[in-house]
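# Tertiary structure, described
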2 protein chains.
Amino acid sequence: MFRTHTCGELRIADINSKVILAGWVQRIRDFGAMTFIDLRDRYGITQLVINEETADSVAKELDKLGREFVIQAIGAVRERSSKNNNIPTGEIEIALTEIKVLSPSEIPPFTIQDNTDGGDDLRMKYRYLDLRRNTVRENLILRAKMAHAVRSYLNAMDFIETETPVLIKSTPEGARDFVVPSRMNEGEFYALPQSPQLFKQLLMIGGFDRYYQIVKCFRDEDLRADRQPEFTQIDCEMSFVEQKDILETFEGLIKYVFKEVLNIEIEDFPWMPYSEAMENYGSDKPDTRFDMLINNISNETKGKGFGVFDSAEFIGAICAKGCATYTRKQLDKLTNWVKRPQIGAKGLVYVKCNEDGSFKSSVDKFYSQDNLKEWADKVGATAGDLILVLSGDKNTILNALGGLRLEIASQLGLRNKDTFKPLWVVDFPLLEWNEESNRFHAMHHPFTAPKPEDILLLDTDPGKVRANAYDLVINGVEIGGGSVRIFNSELQAKMFDKLGFTAEQAQAQFGFLMNAFKYGAPPHAGIAFGFDRLASMFAGLDSIRDVIAFPKNNSGRDVMIDSPSTIAAEQLDELSLKLNLKKKE
Amino acid sequence: MFRTHTCGELRIADINSKVILAGWVQRIRDFGAMTFIDLRDRYGITQLVINEETADSVAKELDKLGREFVIQAIGAVRERSSKNNNIPTGEIEIALTEIKVLSPSEIPPFTIQDNTDGGDDLRMKYRYLDLRRNTVRENLILRAKMAHAVRSYLNAMDFIETETPVLIKSTPEGARDFVVPSRMNEGEFYALPQSPQLFKQLLMIGGFDRYYQIVKCFRDEDLRADRQPEFTQIDCEMSFVEQKDILETFEGLIKYVFKEVLNIEIEDFPWMPYSEAMENYGSDKPDTRFDMLINNISNETKGKGFGVFDSAEFIGAICAKGCATYTRKQLDKLTNWVKRPQIGAKGLVYVKCNEDGSFKSSVDKFYSQDNLKEWADKVGATAGDLILVLSGDKNTILNALGGLRLEIASQLGLRNKDTFKPLWVVDFPLLEWNEESNRFHAMHHPFTAPKPEDILLLDTDPGKVRANAYDLVINGVEIGGGSVRIFNSELQAKMFDKLGFTAEQAQAQFGFLMNAFKYGAPPHAGIAFGFDRLASMFAGLDSIRDVIAFPKNNSGRDVMIDSPSTIAAEQLDELSLKLNLKKKE
């Protein structure tokens, strides 16, 4: 060992002990007669002192040192004259008798401090230096603690942690696969799993009863801000259960992790049908830290001669509490905000509920004070509130009001990161129509069971069929999702048919699953949680990147190791592949 | 829930309870007036009974049932008249009041029993049925328990479980990489990690101090019997430690897992230098469950006119205790065994130590009884023993005697699977000469530190340099290995030079690591354990396949899902690749 203690360990009780510490030089403060070195490691910071009593040989070593040098420091623990109550080692310091440089350092490209001067790109290129910052390391320790809590809970519940293969088979349904050419099987490819879905179902058919895994998954998608080509799931499956059992079990898991890791008690999760989430929140992942529900005010607004409303399918409103004081400028800004293509509204109507009981709206020409009073009553607005109204196609407007609701809440500071409001969104549609491919796609995935009472609708009105599918939403973020599975090969075949697979295609892609159903498949259901996202929420971060030790950038590149990269011609040849670059043309 | 209890749960105390069980029909025994169904799930077997008191409607359901049907069974617990003490539920049975078929089953292709009639290929194709067998499931539960024990120990020791990336960069050193074409970065590839080696070293440079991960790794090798293209490592790294610290820490881990999972106390692990392992056991992974050491009897055998020995570099012998009774036929068989190309000996000389104190050898023509007595004394042979002698090139003969030693020990039943003899093999050579590439290769990997006292030899006699590298060997199997790492960019550059890298190649492949060394790298060291192999040893199995839920065969194929497989032309096109098949030519 290069040390007797860590830099976070020594206390007043250790005074006079002779100790050896090792770590990084955080900073050196030279006061002439006295020099202090802050020595840092993962566990903390300890102050080292050199003064007139220190041997010259030691003092001479000082000249060599700089920030981020790795040194070994030998000396005696003594009480500080001026204590620092901000750190656990703040009552002591080490009077040095020897310093050894274990490893010198060039001047790092950014400061290793909580508030670093390094930009994102630089920090990613030198991620190993970024990882030395307390904030980054603490996020990763938090993640490790969460994984540990997840395992403790699930192990105690008799779940078997089982590894499923990474080299699997490409399937056309879902997102794009990463593929891996097989050298031993010429012209053939493995795929990396987007999830262990089929394998966990096979484990249920194999009688494992309860399975989980914290597992890497892969998706070759065009990356958005908060997506990574490789990500981690808490993947779970249970047999002989119904939806209620799954939700209870995993509500227990999430509560346990909150309690163990953050010491937060979470109340029982409400269940909200998908349709209610859409109508009230304009989203299938409602942020329920605040109300500000969407109201349908079509009845109150139509037939008064305002053509825009009269011709609209849907007129919806939200009530922004206490926002009657919004200025022209603020309202214009909101109007521009709702007109952005992502939101897609054509304009914004507002009603200010004045303190004197009167109303001021942008449509005063068409609506009397009594009319506006009706709107206010409908949306629950009182003096001082602001009513915001959008009109148009129903789905577009619900979505737009959902976005506006979040924007206003952010402005009002209603989205506190230390408040956690989980809920289950249930009763999702089984299928959704895809205009582009002109067929139904599975909203969840093709193995999701329809609600038994809706099965007959599969033939008559497939879009109306609800699924036994559920999402865990916390603070407007989808943290997990799953479903009760089909466990019957005929129903599964019917699903593939509805999804536009020919029997041959279904057999080629999923034959092994449909065959497995023929040998006694138990009823089963499962769920998967986005572990990166859950960890970033626990850490109070906006991005998942800082809970990933070595993340990739938006082009899927690891700029630290400079990957992906070209490979040798012999490697390609061994894989029976040729490049077919479009750039050249 | 489809059940109130599992099939392993009910006891005499539950008598008269009304219960619902769910599971698979293991077998049906029809005794006319009475029928018994053994209902099986992961937790056990419970006997269901139908007799003359049972309602006709239930009895009628019986006709539908067959092996592996999934049913729900409702009834009352009662005491059995004839108890079965072999199973925990053997005192009770369920008097059925209702049966529901949840899922029918075709006749399975093999029996779901501990001793199945299914061959390997069939069991792999229907792995989900194979997993229903108790033996297979128990192996995977054992594996999960081991992973849990590993994590408990390492978490308690302040190791941070950290996920490293799966999509990394191809490196030419070591085995062949699996590569993953990048769609977003045309013409470029990720590689799948053969180990997280570089990342764990970067985590140490990043101040993580103690890291571990139970992680999938990948190697595109021609598969031997006990290799899989994807395998699992327990991967660990520590900072500010020396070899001794690592060995103590991980000896503690292995002892802990043995104790927790198998309730076996393991004695302290001996340390054996590589050279001693080679000289005494003819292997760098000695099986120390038994002695039968190799003896150099060159001095005792040369110069007596036996040309074969006189011209040999090395004459070595082992003593097979109690084998003087071996017949001509047995000896011929051994002779053929050592002549196999894998062993590579030209012939086998034997000396039988007769009970009357005389010797009978295959070289009596050249050696007197006194000569043979000298051999016997040297190898510690006494009356009743058999001395087996091989001669030739030293390395070949040590290796051959090492193999022969194992073969004899197997014949003598000295390799008991319930005995565990771990040891550390230390002081490996740093480099080994490769005839094919006409250069040195790293015996462990290029990041391994030479022993400080041997560093000067790097320039004068590189083959003599010993490394601070170590292997954990148990019962003749290499279970883990690791090394103290180089943490200095100049020494690392010198290593790459010795390995035949140009400075440019080293920079292109490992520049990020050598750069990282410039910013204060702590002394660090690590180890990785083959988790599949450790699990198969704990389970008493010869192959790692049965501790892997979904293994691949020797061609790297998953015969259940039929992977790898061809992919769509559009997929190839999106990846800017073309097939370049050799088969076509």
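Overview of the structure. (Residues numbered from 1 in each chain as written. Chains lettered and ligands numbered in written order. Predicted model: local features only at pLDDT ≥ 70, side-chain atom pairs only at ≥ 80, totals over all residues. Heavy atoms only, no water.)

Check the secondary structure of chain A and you find 17 helices and 23 strands. Across its three principal axes, chain A shows a C-alpha extent of roughly 90 × 75 × 60 Å. Restricting the contact set of chain A to residue pairs at least 6 apart, pairs at least 24 apart contribute 66%. With the model as given, the accessible surface of chain A reaches about 24100 Å², and the carbon-plus-sulfur share is 48%. (Helix = DSSP H or I, 4+ residues; strand = E, 2+ residues; numbered from the N terminus. Contact = heavy atoms within 4.5 Å. Areas by Shrake-Rupley, 256 points an atom, 1.4 Å probe, with all protein chains shown as cover.)

Residues and elements named next belong to chain B. As judged from the seven bridges shared by strand 1 (residues 18-30) and strand 4 (residues 70-79), these two strands associate in the antiparallel manner. Bridge pairing in strand 4 places W24 opposite V70. The hairpin formed by strand 1 and strand 2 (residues 35-41) contains four residues between the paired strands, and G32 there has a positive phi angle of roughly 80 degrees. (Pairing = 2+ DSSP bridges.)

For side chains bearing opposite charge, pairing can occur when the charged atoms are close. This structure, assessed with the given rule, holds 102 salt bridges over all chains. In this structure, R3 of chain B and D209 of chain A form a salt bridge, with 2.8 Å as the shortest nitrogen-oxygen distance. Taken together, the positions of R3 of chain B in the segment before strand 1 and D209 of chain A in the loop between helix 5 (197-205) and strand 9 (210-218) put the pair across two chains. The closest approach of N and O atoms between D454 of chain B and R466 of chain B, which form a salt bridge, is 2.9 Å. Highlighted residues: D454 of chain B in the loop between strand 19 (439-442) and helix 13 (457-460) and R466 of chain B in the loop between helix 13 and strand 20 (469-474), separated in sequence by 12 residues. A relative accessible area of 6% places D454 of chain B in the buried class. (Salt bridge = Lys/Arg side-chain N within 4 Å of Asp/Glu carboxyl O. Buried < 20%, exposed > 50% of the residue type's maximum accessible area, 1.4 Å probe, protein only.)

Taken as rigid bodies, chain B and chain A are interconverted by a rotation of 180 degrees and an axial shift of 0.0 Å, the fit giving an RMSD of 0.1 Å. Taken together, the rotation and translation describe the operation of a two-fold axis. Looking at chain B, 100% of its interface residues are interface residues in chain A too, so the copies touch through the same face. (Least-squares fit on C-alpha atoms with pLDDT ≥ 70 in both.)

Right, let's get into the interface of chain B and chain A. Across the boundary between the two partners, chain B contributes 123 residues, which contact 123 residues of chain A. Counting each side, the surface lost to burial between chain B and chain A is near 11300 Å², with a carbon and sulfur contribution of 58%. Summed over the three residues of chain B that lose the most area to chain A, namely M1, F240 and Y519 of chain B, the buried surface amounts to 8% of that side. Linking chain B with chain A are 16 salt bridges, by the criterion used here. A salt bridge links R42 of chain B to D158 of chain A; the shortest N-O distance between them is 4.0 Å. Our count for the chain B to chain A interface comes out at 79 residue pairs in polar contact (both at pLDDT 80 or more). Broken down by element, the side of chain B that touches chain A gets its largest block of residues, eight residues, from helix 4 (residues 134-156) of chain B. Each residue belonging to the side of chain B that touches chain A can be placed in one class, and the counts come to 62 nonpolar, 26 polar and 35 charged. Bridge analysis of strand 23 (residues 577-579) of chain A against strand 23 (residues 577-579) of chain B gives three bridges, and the strand direction is antiparallel. Within strand 23 of chain B, the residue paired with K578 of chain A across the bridge is K578 of chain B. (Buried area = accessible area lost by both parts, 1.4 Å probe. Polar contact = N/O pair within 3.5 Å; in protein donor to acceptor, adjacent residues only side chain to side chain. Nonpolar A, V, L, I, M, F, W, Y, C, P; charged D, E, K, R; others polar.)

Okay, unusual backbone geometry next. For residues other than glycine, phi is negative in most cases, and the peptide bonds are mostly trans. Going from S563 of chain A to P564 of chain A, the amide bond is cis rather than trans, its omega being 5 degrees. Within the secondary structure, P564 of chain A is located in the loop between helix 16 (531-538) and helix 17 (569-574). Notably, N263 of chain A is not glycine yet its phi reads approximately 55 degrees, a positive angle. Take N263 of chain A: its relative accessible area is 55%, and that puts it in the exposed class. Even without a glycine there, the phi angle at N16 of chain B is positive, about 80 degrees. Tracing the backbone shows N16 of chain B in the segment before strand 1.

In a beta sheet, neighbouring strands pair by backbone hydrogen bonds and run either parallel or antiparallel. All names here are of chain A. On the basis of which strands lie adjacent, the open sheet formed by five strands has the order 12-13-16-14-15 and antiparallel pairing. Two strands in the sheet have a free side with no partner beyond their single neighbour: strand 12 (295-296) and strand 15 (359-361). Lying over the sheet, helix 10 (residues 328-339) contacts strand 14 (349-353) and strand 16 (386-392), oriented at roughly 30 degrees with respect to strand 16. The sheet strands contacting helix 12 (residues 394-411) are strand 13 (314-320) and strand 16, and the helix crosses strand 13 at an angle near 10 degrees. (Axes fitted to C-alpha atoms, helices over the stretch in contact; angles between N-to-C directions.)

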